[in-house]
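Overview (structure and organization)
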Amino acid sequence: MSLPPPAPDRTALVTGASSGIGTEIALELARRGHGVTLVARRENELEFVAAEARAFGVRAEVLPADLADRDARAGLWDRVAELGLEVGILVNNAGLSTMGPVHRSEPGAEMRMLEVDVVAVADLCSRFLPAMVRRRRGAVLNVASTAAFQPLPGQAGYGGSKAFVLSYTRAMAGEVRGTGVTVTALCPGPVQTGFEDAMGVNHDDSTDSLPAFMWESADAVARCGIDALERGNTVAIPGLANRALANVSNLLPKSLLVPLLAMRHPGLRD
Ligand SMILES: NC(=O)c1ccc[n+]([C@@H]2O[C@H](COP(=O)([O-])OP(=O)(O)OC[C@H]3O[C@@H](n4cnc5c(N)ncnc54)[C@H](OP(=O)(O)O)[C@@H]3O)[C@@H](O)[C@H]2O)c1
């Protein structure tokens, strides 16, 4: 297994490339010689990342889009085709979380999260995967989380979304076996990015609730994901501690684990 080799008319479409893990994935792909097409809402930030990518000698362009908007998602295929490009690598990285218990949630915010974290992933896979399979060449990296391995009280919708992404990606990997297409779920533990700000959490609260040994840098997470995609691994969990904890979470009875997680979650403190 390997990534489709770079070519002038071939691109890596990276969602959520305007900050954090998505920026690092885009730059790591550019460093490895792949042209990149960057998607997110904030055009200025995307342009900065595109300029950094071009410094590696590849082409890079930006396609601003709100992935919570179904029409905007549907338009991406044509916008890429108008650039004369085919998507050889698709990275579904854009994501966000709400915070707090479901009984205090705001329905609009919950729906927007599900549109980006769940529906957009399925939407873009179902739009771009068929051509990859026809060409017998392509790669899809879906960014899940270690939140996928157990229910997450305090971020119930987010944990459920990431469990969807993990299960969906594992199933797709089974479907495309032998087609020349590789599919990987990247499951990071905590990473210092714009994620906490977007969630409205202060950094001290989240560092207090999660031990220092679990935190990984965004660039290490990006390298781990792209290496796994290149090797054809179905699931990648960056960091030894996160891999061990994901295994423990799988084994522990949820009746024990969920109350423990609820006690420590900053979103459930009064
Ligand atoms: N940070 C962590 O601890 C952590 C841990 C595990 C998994 N993850 C996952 O990693 C992925 C990247 O998160 P991050 O940590 O890098 O957070 P981040 O810095 O907040 O980046 C999130 C990205 O998603 C984009 N995005 C959000 N809503 C969007 C929308 N409606 N339309 C288009 N783009 C949208 C943002 O761009 P715009 O605001 O410009 O639209 C931004 O580029 C997410 O899927 C997240 O769930 C993060």
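It should be noted that the structure appears before, not after, this text.
Heads up: these notes are all about the structure in this document. (Residues numbered from 1 in each chain as written. Predicted model: local features only at pLDDT ≥ 70, side-chain atom pairs only at ≥ 80, totals over all residues. Heavy atoms only, no water.)

Some details on the site of the ligand
Note the threshold: Proximity criterion: a residue is near a molecule or strand once any of its heavy atoms comes within 4 Å of it. Between N or O atoms, a polar contact is any pair within 3.5 Å; within protein, one atom must be a potential hydrogen donor and the other a potential acceptor, and residues adjacent in sequence are included only when both atoms are from side chains. Per-residue and other accessible areas were derived by the Shrake-Rupley procedure at a 1.4 Å probe size, with only the shown protein chains allowed to occlude residues. When residue character is reported, Ala, Val, Leu, Ile, Met, Phe, Trp, Tyr, Cys and Pro are called nonpolar, Asp, Glu, Lys and Arg charged, and the others, Gly included, polar.
The immediate surroundings of the ligand are formed by 29 residues, with Ser19, Arg41, Asn93, Tyr158 and Thr193 found nearest. Within the side chain of Asp66, one N or O atom sits 2.8 Å away from a nitrogen atom of the ligand. Asn93 places a polar main-chain atom, nitrogen or oxygen, 2.7 Å from an oxygen atom of the ligand. Expressed as a share of its isolated accessible area of 880 Å², the protein-covered part of the ligand is 94%. Among the residues forming the shell around the ligand, the class breakdown is 15 nonpolar, 10 polar and 4 charged.

Considerations on the sheet that holds strand β7 (residues 235-236)
Quick reminder of the rule: Only strands that DSSP links by at least two bridges are regarded as paired with each other. Secondary structure follows DSSP: runs of H or I at least 4 residues long count as helices, runs of E at least 2 residues long count as strands, and numbering of each begins at the N terminus. Throughout, a contact is declared for two residues whenever any of their heavy atoms are within 4.5 Å. Where helices are involved, their axes are fitted lines through C-alpha atoms of the stretch in contact, as for all axes, and angles between N-to-C directions lie from 0 to 180°.
With parallel pairing, 7 strands are arranged side by side in an open sheet as β3-β2-β1-β4-β5-β6-β7. Whereas interior strands pair on both sides, the edge strands pair on one side only; in this sheet they are β3 (60-64) and β7. The pairing of strand β1 (residues 10-15) with strand β2 (residues 36-40) spans 4 bridges and is classified as parallel. The residue bridging Thr15 from the neighbouring strand is Val39, located in β2. Each of β1, β2, β3 and β4 (86-92) is contacted by helix α3 (residues 70-82), which is oriented at about 150° to β3, the strand it contacts most.

Overview of the packing of aromatic side chains
Put simply, the test is: Pairing of aromatic rings covers Phe, Tyr and Trp, the last counted by its six-membered ring, and requires centre-to-centre distances within 6.5 Å; plane angles under 30 degrees mean stacked, over 60 mean edge-to-face, and any other angle means tilted. Under the scheme applied here, a residue whose accessible area is under 20% of the maximum for its type counts as buried, over 50% as exposed, and between as partly exposed, the area being computed with a 1.4 Å probe on protein chains only.
For the coordinates displayed, the defined rule picks out 3 aromatic pairs. Seen from their ring centres, Phe164 and Tyr168 are 5.1 Å apart, and the 20° between their planes marks the pair as stacked. Within this pair, Phe164 and its partner Tyr168 are both found in helix α5 (residues 156-176), separated by 4 residues, close to a single helical turn. Looking at Phe164, the relative accessible area reads 29%, which means it is partly exposed.

A look at the pattern of salt bridges
What counts here: Any Lys or Arg side-chain nitrogen located within 4 Å of an Asp or Glu carboxyl oxygen qualifies as a salt bridge.
Here the structure, examined in full by the defined rule, presents 14 salt bridges. In this structure, the salt-bridge partner of Arg10 is Glu86, at a minimum N-O distance of 3.4 Å. Here Arg10, found in strand β1, pairs with Glu86, found in strand β4; they are 76 residues apart in sequence, far enough to count as distant. In this pair, the class of Arg10 matches that of Glu86, namely buried. Measuring nitrogen to oxygen at the nearest pair gives 2.5 Å for the salt bridge that ties Asp123 to Arg127. Linking Asp123 with Arg127, this pair stays in helix α4 (residues 107-135), spanning 4 residues, or about one helical turn. Among the residues examined, Arg127 registers a relative accessible area of 31% and is labelled partly exposed. Through salt bridges with shared partners, one network takes in Glu28, Arg31, Arg32, Asp227 and Glu230.

Focus: the side chain of Thr184
As for its placement among the helices and strands, Thr184 is situated in strand β6 (residues 181-186). Looking at Thr184, the relative accessible area reads 0%, which means it is buried. Polar side-chain contacts of Thr184 include one of 2.6 Å to the backbone oxygen of Asn233. Among all residues touching Thr184, those that are not within four sequence positions of it are Val140, Leu141, Asn142, Thr169, Ala228, Leu229, Asn233, Thr234 and Ala236.

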